[in-house]
Amino acid sequence: MEMLVDFDIQPHFSAPGSSAVFTQQPTDLVVVSGQPVTLPCSIPGYHGMVLWLRDGMALGVNRDLSGYPRYDIVGDHSKGEYHLLIQRTEMQDDASFECQAIQAAIRTRPARLTVLVPPDDPVIVGAPVVSLRAGDPLNLTCHADNAKPAASIIWIRNGQVLNGAIYSKTLLRDGRRESTVSTLYLSASNIETGQRITCRASNKAVPNGKDATVTIDIQHLPLVNLSVEPQHILEGNLVKFHCSAKANPPVIHYRWAKGGNIIREVSGDTYEAIVDHSFFTEPVSCDVTNALGNTNISRNVDVYFGPRMAAEPQSLQVDQGSDAIFNCAWTGNPSLTIVWMKRGSGVVLSNEKILTLKAVRQEDAGKYVCRAVVPQVGVGEKEVSLTVNGPPTISSTQTQQALYGEKGQIKCFIRSTPPPDRIAWSWKETVLESGTSGRYTVETVSTEEGVISTLTMSNIVPADFQTIYNCTAWNSFGSDTEIIRLKEQGTQTAFDPTTVFIAVQLFNQTLTSHGHLPSSLRQRSLTNQPLQPTDRFTFFSHNSF
C-alpha cells in the first residue's frame, strides 16, 4: 500500500551532526514497458530508515516492498545500497521516483521514469486477404493501438513507401496511451491482384516497427476465350470447341448453346459436333459463371458448304410487253456465284440474284435456270417457268399428206396463254369448230405444250387436195391463223404459184350470218403476208369455181 509521506527533508543535505550523504541517486530514465530497470540509491554509513517514493507515495520502508511484487530493494546493505529494482516495467511505473533517508533528513532529487509502450501488433481490416471487384478502388485501414507515444504508420508495397494515407490518433482513458488509425486509398489502375501491402507501425519503443501484411485479391467475372479447331472445315466433319476461362472466384459451371438454343447434354469446357451449314449462321456460345456473374462468348464456324436455297424463285405468268422479275437467293461458303440462263441456251442473262426481263415477248416464254456455284464445293440450281400472256401462236406444217380414198387428217398446233377461247377450221364456205359436219370432224386435245386441233376427213377425194384449209385460234389477247394444204401422199408438191386468194363479199355475208368468224379474223396468204385484221376472207383455188 502506498503511503503519502511529507517530511520536510532537504535533498542531498545531511542532518546536523550527521555525515550521511547520497553517493548514488536515481536519474531520469526512459524504459520500454516490460523491461527491467534499476533506480540507484546509496548512503554509505547510514543505518537509519530508507524510503522510496513514487509520485510522492511511499512504496515501503527499507527493504520491505511486499506490497509491490514487481519491486525489490537490491544492493549491499552494509554499504548502504538501497537500489530500487523494477522487474517488468508497466505503464503505472511512468512516474517520478525519489529515495529518502528519514533519520538523516535527506532525499535524492526526483528522477523521472518514462515508460514507453510499443503499439499492439497492427491490424489491417479484412486481412490477411482483402478482396475487391475488378475496377473498384482499394481502401485499406490499419489500426495500431495502445502505444506511448502514439505510433506512426507507413504503408509499403514492393519496398516502396506509399504516400497519401490519412492519419489520425485517439488518446485513451489513461491519458497516456494513444491509438492510431491510417487509411490508404489506391485507385483501380494502381493495384494488381496478388500484390502484398504492408502496414508498419512504430514509435520510440519499437523504432523498427511492427508489420501487418495484406494480400490483394481482385475478383472479376470469368475472362473467356472460345477456340474452334479446325477453324475452316467442310460440312459433315468434326469440330471441337474449347472454352478456356480465367475467373476469380473460380468457375462454377459452363453452359453451351447454338443459335440461342441450350445444348443440355454438354456441361464441361469442351463441346464436339459434326457441323453442317447451320453452324455458319448460328453461332456456338459458351457461357461461364462464377460467384460474381457470367460471361458469354460466341463463335461462328467457317463451314464450307454447297449452295442452299435462301429465297426460292417463283414461276411467273405475265402479259406480253410487261416486265418479268425473278428473285433467286442462295447461301454458300465460300462465296458463291449466281448464273441465270434460259434452258437450252448457253447465254448468261445475269449474275445477280434478281433477273429482270424487260417487255417480254411470247418467244421469251420457257424455262429459266438459276444456278449457284460454290468453288470446289458444290453446285445447285432451280428451274422456273415464264408464261407470257398473249395472242395464240399456231405452228403447223403448211403442207400435210393423205392417201386418196383413205381417211386423212390435218393438224393445227396452237400455243396459247391464256388457253384459246375458240379454235375454228374453215374451208370454202364451211366453218367448223368442233364435232362432225358431213365427211369432216374436228377434235381438240390439250397437251403440256399446247393444244392440237385435228380436222379429220373420211374418204379423201381429189377435190380435198385442191382445197385451202384455214386454222384460226382466239384468246382475249388476239388471234392467229395458219393456212394448211393437203397433199396426196407419195406425190410431189405441185403448187401453182398463180393460185390466189379471192375475197368474196358473199362469203363474208355467209360468215356473218353463221356468227362463227368475227370481223377481226386475220387471214394469211400462202406467201405468209398478213392482210388487214379488219378484212374478212375465205380461200378458194381456181378449181373451186
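What counts and what doesn't
Residues numbered from 1 in each chain as written. Predicted model: local features only at pLDDT ≥ 70, side-chain atom pairs only at ≥ 80, totals over all residues. Heavy atoms only, no water. UniProt positions renumbered as here; feature names shortened; annotations may be inferred. Phe/Tyr/Trp six-rings, centres within 6.5 Å; stacked < 30°, edge-to-face > 60°. Buried < 20%, exposed > 50% of the residue type's maximum accessible area, 1.4 Å probe, protein only. Helix = DSSP H or I, 4+ residues; strand = E, 2+ residues; numbered from the N terminus. Lys NZ or Arg CZ within 6 Å of the ring centre and 35° of its normal. Polar contact = N/O pair within 3.5 Å; in protein donor to acceptor, adjacent residues only side chain to side chain. Pairing = 2+ DSSP bridges. Axes fitted to C-alpha atoms, helices over the stretch in contact; angles between N-to-C directions. Salt bridge = Lys/Arg side-chain N within 4 Å of Asp/Glu carboxyl O. Disulfide = S-S within 2.5 Å.

Taking an unreviewed UniProt entry as the reference, the protein chain is identified by name as Ig-like domain-containing protein belonging to Esox lucius. Per UniProt, the comment on the protein chain under Subcellular location (unreviewed entry) is "Cell membrane". Its UniProt record gives the protein chain a comment under Sequence similarities (unreviewed entry), which states: "Belongs to the immunoglobulin superfamily."

What follows covers the packing of aromatic side chains. For the structure shown, the criterion picks out nine aromatic pairs. Summarising the aromatic geometry, the rings of Tyr 68 and Tyr 71 are spaced 5.4 Å apart at their centres and angled 15° between planes, so their arrangement reads as stacked. Judged on exposure class, the residue Tyr 68 and its partner Tyr 71 are both buried. When the centroid spacing of 4.5 Å and the interplanar angle of 50° are considered together, the rings of Trp 427 and Tyr 440 count as tilted. Of this pair, Trp 427 sits in strand β40 (residues 422-427) while Tyr 440 sits in strand β43 (residues 440-446); the two residues are 13 residues apart in sequence, bridging distant segments of the chain. Of the residues examined, Trp 427 reaches a relative accessible area of 3% and is grouped as buried. The exposure class of Tyr 440 is buried, given its relative accessible area of 13%. The structure contains a cluster of three or more aromatic residues connected by ring pairs, namely Phe 241, Trp 256, Tyr 271 and Phe 279. Against the face of Tyr 82 rests Arg 63, its NZ or CZ located 5.2 Å from the ring centre.

The subject of this paragraph is the side chain of Asp 480. Among the secondary structure elements, Asp 480 is positioned in strand β46 (residues 478-488). Residue class for Asp 480 comes out buried when judged on its relative accessible area of 9%. A polar contact of 2.9 Å, which involves the side chain of Asp 480, links it to the backbone nitrogen of Ile 394.

Okay, the sheet that holds strand β21 (residues 232-234) next. Overall, mixed pairing links the three strands, which are arranged β21-β28-β31 in an open sheet. Only two strands of the sheet have a single partner each, and these edge strands are β21 and β31 (329-333). When the angles between neighbouring strand axes are averaged without regard to direction, this sheet yields 30°. As paired elements, strand β28 (residues 302-311) and β31 share four bridges and run antiparallel to each other. The residue of β31 that forms the bridge with Ala 311 is Ala 329.

Take the pattern of salt bridges next. Scanning the model with the defined rule gives 20 salt bridges in all. Salt-bridge contacts for Asp 94 lead to Lys 148; the nearest nitrogen and oxygen are separated by 3.1 Å. Placement of the pair is Asp 94 in the loop between β8 (83-86) and β9 (95-101) and Lys 148 in the loop between β14 (138-147) and β15 (152-157), with a sequence separation of 54 residues. With respect to burial, Asp 94 and Lys 148 carry one shared label: buried. Between Arg 177 and Asp 174 there is a salt bridge whose closest N-O contact spans 2.5 Å. The exposure class assigned to Arg 177 is partly exposed, which follows from its relative accessible area of 26%. By relative accessible area, which is 33% here, Asp 174 ends up partly exposed. Overlapping salt bridges bring together Arg 54, Arg 70, Glu 90 and Asp 93 as one network.

Summed over all chains, the structure comprises five disulfides. The side chain of Cys 41 participates in a disulfide bridge whose partner is Cys 99; the two sulfur atoms lie 2.0 Å from each other. Negative torsions about the S-S bond denote left-handed disulfides, and the value of about -70° found for Cys 41 with Cys 99 makes this one left-handed. Placement of the pair is Cys 41 in the loop between β4 (37-39) and β5 (50-54) and Cys 99 in strand β9, with a sequence separation of 58 residues. Residue class for Cys 99 comes out buried when judged on its relative accessible area of 0%. Bridging Cys 328 to Cys 370, the disulfide has an S-S length of 2.1 Å. Judged by the sign of its S-S torsion, about -90°, the cystine formed by Cys 328 and Cys 370 is left-handed. Taken together, the positions of Cys 328 in the loop between β30 (324-327) and β31 and Cys 370 in strand β35 (residues 366-374) put the pair 42 residues apart, joining distant regions of the chain. The burial state of Cys 328 is the same as that of Cys 370; both residues are buried. Taken N- to C-terminal, the disulfide-bonded cysteines of the protein chain are connected 1-2, 3-4, 5-6, 7-8, 9-10.

Here we come to the sheet that holds strand β42 (residues 435-437). Working definition: the strands of a sheet are paired by backbone hydrogen bonds and lie parallel or antiparallel to each other. Strand order in the open sheet formed by five strands is β37-β39-β44-β43-β42, and the pairing between neighbours is antiparallel. Of all strands in the sheet, those with a lone pairing partner are β37 (393-394) and β42, marking the two edges. Inspection of the sheet shows strand β39 (residues 408-415) paired to strand β44 (residues 451-457) by seven bridges, in the antiparallel sense. In the strand pairing of β44, Ile 410 is matched with Leu 455.

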